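Structural description and commentary
Chain residues, written in single-letter form:
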Amino acid sequence: MQLVDASRTHKGRKLRFCGVCIWTDYWGTYVNFCNTGLITSDKSGEKYQLCDPCFLAAAFRYNALSFIYLLLFLVLPLMPSPTTKSMRGHTGRFIIAILLLSLMTTISHLSFQIYLLADQPYGEFLINCERLEVIFRYIGFIRYNDLDVLNVARHIVPEIIVLIGVIVLFVATRKKDSSSDLEMRMADEGSDRPSGAEPQEQFKVRREDTSVTAAIGIFLDLLLLAAAGIARPSVTNAFYFICFLMFATWIACYKTLRKKFKAFRIIILVYSALHLIALYLYQLKIMQELISPDNFYARLFGLTSLIRTDCADPRIIHFFDQEWASFANPGIILVLYWVLAVQTRNYLTKKRKV
């Protein structure tokens, strides 16, 4: 992603924030905050159309298939943006992997329901909390009889959204005309070519934009680290708070966060990903049976059970009566992870170009 010349006028530029489109119509100066990882332009934001479907598939169901979608959701911000070149590499293989997974999952669900309908009475062999029912339920296959509409939609709709979303994205990226895009770029550069002293002024503006976006990125990192550290006091969350104190103290001593901070950001990225995975797995009934939510070590390490299931109907999830901070904690860590992931990807991309 490249910085946009702040001296140029833009109108009706389309911005994306994790799948949410924001339209801005204005005249005047615009500074592109792409380097902060918060906003991406049209060309680099297409892959974030998969953000919402993968999140829905992981957040509203808790089984093995949803766990795979969680892993894909965590890998998503690290992948290069869809271009003619990247679609022949990791990005193309990543999108194809999601497409095949979603297609196979949809076909498997449909086949399983056809078998249940053919083997009358429907789903008789799936008795709540017995071994066979538990195995199928943890894989992601359940029976839908005597289940309310909302819970049926919770299991079915995310899979349909993922399948449709990845097909649309795959077709759209395949139809991109790289040659016309290159011609338009060359024509734009030719028409806006600066003369005289303008290149120096343009370079100065770009350096100022880079420093501004870098400062905003660091401020956002510190803000999210502090929020993650105090949202749910525990041993695991203490890591974020210690990092916040360390970096804030470093800045307070009139020191700049340079390459060491960018390298340490990768450590925080990996840690937050593992933390999210641990919190997600702890929502499974089998994990809560191994480590009770009332256990001292569960509370010490911040393993908070947000949902529970019982054998009366294990297909339905019930929310624990937790304080709001317990529900906000995974969301804050998730936002922190995404910001760090996009920043890390941009940093590594620039490093390879140097």
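What you are looking at is a predicted structure, and each value in this text was computed from that prediction instead of being measured.

**Comments concerning the nonpolar core**
- Tyr69, Leu74, Ile98, Leu225, Phe247, Leu336 and Tyr337 are the most contacted members of the largest nonpolar core, which has 46 residues in total.
- Elements represented by at least two residues in this core include exactly α2 (51-59), α3 (64-75), α4 (90-118), α6 (149-174), α8 (198-231), α9 (235-252), α10 (259-281) and α13 (324-353).
- With residues up to four places along the chain from it excluded, the contact list for leucine 336 reads Asp221, Leu224, Leu225, Ala228 and Tyr240.

**A few points about the state of the cysteines**
- Under the defined criterion, the tally for this structure stands at 1 disulfide.
- Between the sulfur of cysteine 129 and that of cysteine 311 lies a disulfide, 2.1 Å long from S to S. Given an S-S torsion of about -105 degrees, the disulfide between cysteine 129 and cysteine 311 has left-handed geometry. Of the two residues, cysteine 129 sits in the loop between α4 and α5 (131-139) while cysteine 311 sits in the loop between β3 (307-308) and β4 (318-319), which places them 182 residues apart along the sequence.
- Taking the relative accessible area as the measure of exposure, cysteine 129 reaches 27% and is therefore partly exposed.
- For cysteine 311, a relative accessible area of 41% translates into the label partly exposed.

**Details of the UniProt feature "transmembrane region" (unreviewed entry) in the chain**
- In the numbering adopted here, UniProt assigns the feature "transmembrane region" (unreviewed entry) to residues 62-82, 94-116, 152-172, 212-232, 238-257, 264-282 and 324-342.
- The distance separating the terminal C-alpha atoms of residues 152-172 is 30 Å; by composition the span is 100% helix and 0% strand.
- With 95% helix and 0% strand, residues 212-232 has end C-alpha atoms that lie 31 Å from one another.

**Notes on α10**
- With 23 residues, α10 extends 34 Å between its outermost C-alpha atoms, agreeing within 8% with the 33 Å of an ideal straight helix rising 1.5 Å per residue.
- For α10, the complete set of buried residues consists of Phe261, Arg265, Ile268, Leu269, Ser272, Ala273, His275, Leu276, Ile277, Leu279 and Tyr280.

**Details of the pattern of salt bridges**
- For the structure on display, the rule yields 7 salt bridges.
- Here glutamate 323 ties to arginine 232 by a salt bridge, and the two come within 2.7 Å at their closest N and O atoms. Taken together, the residues glutamate 323 in the loop between β4 and α13 and arginine 232 in the loop between α8 and α9 connect sequence positions 91 residues apart.
- The closest approach of N and O atoms between arginine 315 and aspartate 313, which form a salt bridge, is 2.9 Å.

**A few points about the confidence of the model for the chain**
- Summarising the model, the chain shows a mean pLDDT of 75, and 73% of its residues fall at 70 or more.
- For the chain, the element scoring lowest by mean pLDDT is strand β2 (residues 20-24), at 30; α9 scores highest, at 91.

**Description of the environment of leucine 126**
- Mapped onto the elements of the fold, leucine 126 is located in the loop between α4 and α5.
- In this structure, the C-alpha to C-alpha distance between leucine 126 and isoleucine 142, residues 16 residues apart in sequence, is 8.3 Å.
- Leaving out residues up to four positions away in the same chain, leucine 126 has contacts with Phe112, Leu116, Leu132, Glu133, Phe136 and Arg143.

**Quick word on a positive patch on the surface**
- Together, Lys259, Lys262, Lys350 and Lys351 line one region of the surface with positive charge.
- Of all elements in the fold, only α10 and α13 reach the threshold of two or more residues within the positive patch.
- When you line up the elements, lysine 350 lands in helix α13.

**Here we look at the packing of aromatic side chains**
- Enumeration according to the criterion identifies 14 aromatic pairs in this entry.
- Aromatic side chains phenylalanine 247 and phenylalanine 261 sit 4.9 Å apart centroid to centroid with 90 degrees between the ring planes, which places their arrangement in the edge-to-face category. Here the residue phenylalanine 247 occupies a position in helix α9, and phenylalanine 261 occupies one in helix α10, the gap between them amounting to 14 residues.
- Using a relative accessible area of 6% as the deciding quantity, one classes phenylalanine 247 as buried.

About the cut-offs
- Residues numbered from 1 in each chain as written.
- Predicted model: local features only at pLDDT ≥ 70, side-chain atom pairs only at ≥ 80, totals over all residues.
- Heavy atoms only, no water.
- Core = buried A, V, L, I, M, F, W, Y, C linked by side-chain atoms within 4.5 Å.
- Buried < 20%, exposed > 50% of the residue type's maximum accessible area, 1.4 Å probe, protein only.
- Helix = DSSP H or I, 4+ residues; strand = E, 2+ residues; numbered from the N terminus.
- Contact = heavy atoms within 4.5 Å.
- Disulfide = S-S within 2.5 Å.
- UniProt positions renumbered as here; feature names shortened; annotations may be inferred.
- Expected span 1.5 Å × (residues − 1).
- Salt bridge = Lys/Arg side-chain N within 4 Å of Asp/Glu carboxyl O.
- pLDDT = per-residue confidence, 0-100.
- Patch = residues over 30% accessible without salt bridge, like charges linked within 9 Å, V, L, I, M, F, W, Y side chains within 5 Å.
- Areas by Shrake-Rupley, 256 points an atom, 1.4 Å probe, with all protein chains shown as cover.
- Lys, Arg positive; Asp, Glu negative; His and termini not counted.
- Charge placed at Lys NZ, Arg CZ, Asp CG, Glu CD.
- Phe/Tyr/Trp six-rings, centres within 6.5 Å; stacked < 30°, edge-to-face > 60°.

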